[in-house]
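Geometric and topological summary
So you can see what is in the structure, the chains are spelled out below.
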Amino acid sequence: MNATEIDHAKLLIPVDGVETACAFYRDALGFGIEGMERYESGEKPFFSVRLAPGAVLHLEPKESFEDPGDGYDHLAVRVDDTIEGIETALDAAGVEIERRLTSPVGATGVAPAVYVLDPFGYRIELKAERE
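Residues numbered from 1 in each chain as written. Predicted model: local features only at pLDDT ≥ 70, side-chain atom pairs only at ≥ 80, totals over all residues. Heavy atoms only, no water.

**A word on the environment of Phe65**
Put simply, the test is: Helix and strand assignments follow DSSP, with helices taken as H or I runs no shorter than four residues and strands as E runs no shorter than two, numbered in order from the N terminus. For this analysis, residues touch if any pair of their heavy atoms sits within 4.5 Å.
Summarising the element assignment, Phe65 is placed in the loop between strand E4 (55-62) and strand E5 (75-79). Remark: the alpha-carbon pair of Phe65 and Leu11, spanning 54 residues in sequence, is separated by 9.7 Å. If near-sequence neighbours (up to four positions away) are discounted, Phe65 is found in contact with Leu12, Ile13, Pro14, Phe120 and Tyr122.

What follows is the structure, given as structure tokens:
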């Protein structure tokens, strides 16, 4: 087995959380939303957040959604910016930073990161790729 990258992750959200998800991931964090037409037409049960050219986050609204609680820690996303740039963008969008780390270890090494919670309780790590 010779994996190259993570292609996608899928998270469940409440059925009434679609607009809230778009407001957070698209409007506050600046990620693209894809597949909304196919989701709204019932062709597929989820829509996607484009995190990077080769990575998406599928969001599936489910009646059975429960707060992730201790069953989930975080999803890390590398961001082509400095930690100061990330913090400035979050502040401008009104997104509260849950915590800051100066040297978390990840797949590409050590880099500063901030953690935010999405509206459904999922923790997202935004890891700076630039110093």
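**Focus: the pairing of strand E10 (residues 123-128)**
Heads up, the condition is: Burial classification: accessible surface area is computed with a 1.4 Å probe over protein chains only, and a residue below 20% of its type maximum counts as buried, one above 50% as exposed, and the rest as partly exposed. Pairing between two strands is assigned when DSSP locates at least 2 bridges connecting them.
Here E10 lies mainly inside the structure; six of its six residues are buried. Neither face of E10 is exposed, since Arg123, Glu125 and Lys127 on one face and Ile124, Leu126 and Ala128 on the opposite face are all buried. Pairing geometry for E5 and E10, over five bridges, is parallel. Residue Val77 lies in a different strand from E10, and its bridge partner there is Leu126. Strand direction decides the pairing type here: strand E9 (residues 113-117) and E10, joined by five bridges, are antiparallel. Note on E10: the bridge partner recorded for Tyr115 is Glu125. Taking the residues that link successive antiparallel strands as the turn, the E9-E10 hairpin has five residues, and the phi of Gly121 there is positive, at about 95°.

**Notes on the pattern of salt bridges**
So the rule is basically this: Salt bridges are counted wherever a side-chain nitrogen of Lys or Arg sits within 4 Å of a carboxyl oxygen of Asp or Glu.
Summed over the entire model, instances satisfying the criterion amount to 11 salt bridges. Salt-bridge contacts for Arg123 lead to Asp73; the nearest nitrogen and oxygen are separated by 3.8 Å. Taken together, the residues Arg123 in strand E10 and Asp73 in the loop between E4 and E5 connect sequence positions 50 residues apart. Residues joined in a network through salt bridges with shared partners are Lys10, Glu60 and Lys62.

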